[in-house]
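Results of the structural survey
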Amino acid sequence: MTLEKYKRDFIDFAIANGVLTFGEFTLKSGRRSPYFFNAGKFNSGTALAKLGQYYAAAIAAQRGLDYDIVFGPAYKGIPLAAATVIALATGDAARDVPYAFNRKEKKDHGEGGTTVGAPLAGRVLIVDDVITAGTAIRESFEVIQGAGATLAGVVVAIDRQEKGRDTDRSAIQEIEAEHGVPVVAVVTLADIVEYLREQGADRAGMLRAMEDYRREYGAQ
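Structural notes, computed from the coordinates. As the structure is a prediction and not an experimental result, all values here were calculated from the model.

**Focus on helix α6 (residues 189-199)**
Within α6, 8 of the 11 residues are buried, leaving the element largely enclosed by the surrounding structure. What α6 keeps buried is the set L189, A190, D191, I192, V193, E194, Y195 and L196. At its buried positions, α6 is contacted by α1 (5-16), β1 (20-26), β2 (32-37), β7 (150-159), β8 (183-188) and α7 (204-217). Looking at the residues trailing α6, positive phi occurs at G200, about 70°.

**A few points about the packing of α1 against α6**
Direction vectors running N to C along α1 and α6 enclose 85°, while the axes themselves pass 10 Å from each other. In terms of their interaxial angle, α1 and α6 are classed as roughly perpendicular. Counting all contacts with α1, which are made through K7, R8, I11, D12 and I15, the residues of α6 involved are D191, I192, Y195 and E198. Here the residues of the contact of α1 with α6 are counted per class, giving 4 nonpolar, no polar and 5 charged.

**Remarks on the packing of aromatic side chains**
Within the structure shown, the criterion is met by 8 aromatic pairs. Between F10 and F13 the ring centres are 6.3 Å apart and the planes differ by 55°, which places this aromatic pair in the tilted class. On the criterion of helical spacing, the pair formed by F10 and F13 is a turn pair, its members being 3 residues apart in helix α1. By relative accessible area, F10 is classed as buried at 1%. On the numbers, 6.3 Å between centres and 35° between planes, the contact of F10 with F37 is tilted.

**So, the pattern of salt bridges**
In the structure shown here, the tally under the stated rule is 14 salt bridges. The shortest N-O distance in the salt bridge between R197 and E194 comes to 3.0 Å. Of the two residues, R197 and E194 both sit in helix α6, 3 residues apart, roughly one turn of that helix. Given a relative accessible area of 9%, E194 falls into the buried group. A cluster of three or more residues bridged by salt bridges with shared partners is formed by R31, R160 and E162.

Procedures and definitions
- Residues numbered from 1 in each chain as written.
- Predicted model: local features only at pLDDT ≥ 70, side-chain atom pairs only at ≥ 80, totals over all residues.
- Heavy atoms only, no water.
- Buried < 20%, exposed > 50% of the residue type's maximum accessible area, 1.4 Å probe, protein only.
- Helix = DSSP H or I, 4+ residues; strand = E, 2+ residues; numbered from the N terminus.
- Contact = heavy atoms within 4.5 Å.
- Axes fitted to C-alpha atoms, helices over the stretch in contact; angles between N-to-C directions.
- Parallel < 35°, antiparallel > 145°, perpendicular 65-115°, else oblique.
- Nonpolar A, V, L, I, M, F, W, Y, C, P; charged D, E, K, R; others polar.
- Phe/Tyr/Trp six-rings, centres within 6.5 Å; stacked < 30°, edge-to-face > 60°.
- Salt bridge = Lys/Arg side-chain N within 4 Å of Asp/Glu carboxyl O.

Structure follows, in C-alpha cells:
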C-alpha cells in the first residue's frame, strides 16, 4: 500500500497541529486507544483553510461522487462545510458550490426555518469531522429528506475503521448500508498505520500499538 500524497501531508498536518497524537487514551467507549484525533484543534484561520483543501482533495479523489450542495451538521460541521466550499471554489477545479447548515433549534421569527444558507435541493453532500455513533448523520438525513433533497454521500476527516460495541461493523459501514451512499474519509486507520510503517524504526513502537489495536477492534 502506498499512501497518496495528500493523505501523507494531511497526517503530517494533523500531527503538527496536535490533532493526531499517540500515546494511551481512554475513549468514550471505554476502550484504551494508542492514538487520539481531536479535530477541534484545527482552530486557526490558516489551519481551517488548509483543512478545507484536504476535504476538497478527498472529494476529488472519490470517482463518481455527484453532488449539488454541501451540508454541515451543527455545530462542528458548519466551519468544515464553509472551509470545504471555499477550497472547492479556489482550487484547480474552481467549482462554486453552495452550502447550508442546520439550526439546533427551529427559528420561529425573521426568516424562520431549521436551516441556514442555500436551499437544500438536489444531491446533498454532508461534511463532518468524524462519525462515532452516526447520530449527527442520521439527524442530518432527516433534515435533508424533509426538504425533499437526497443524500449524495458523507465526507469526514478520519475513519477509525473500528467496530461498534454491539456489531462487527463500523458506524461508517452502517451508514453506507442504511443509505446506500459512500462515506469518504480524508484518512483511515489503515492510512495512519501505513504512515507509521513508512517512518520505520522511528515509529516502530507506535506502529506495534496501532496494529494490536486494529486486530482487537477493527471492523470486519
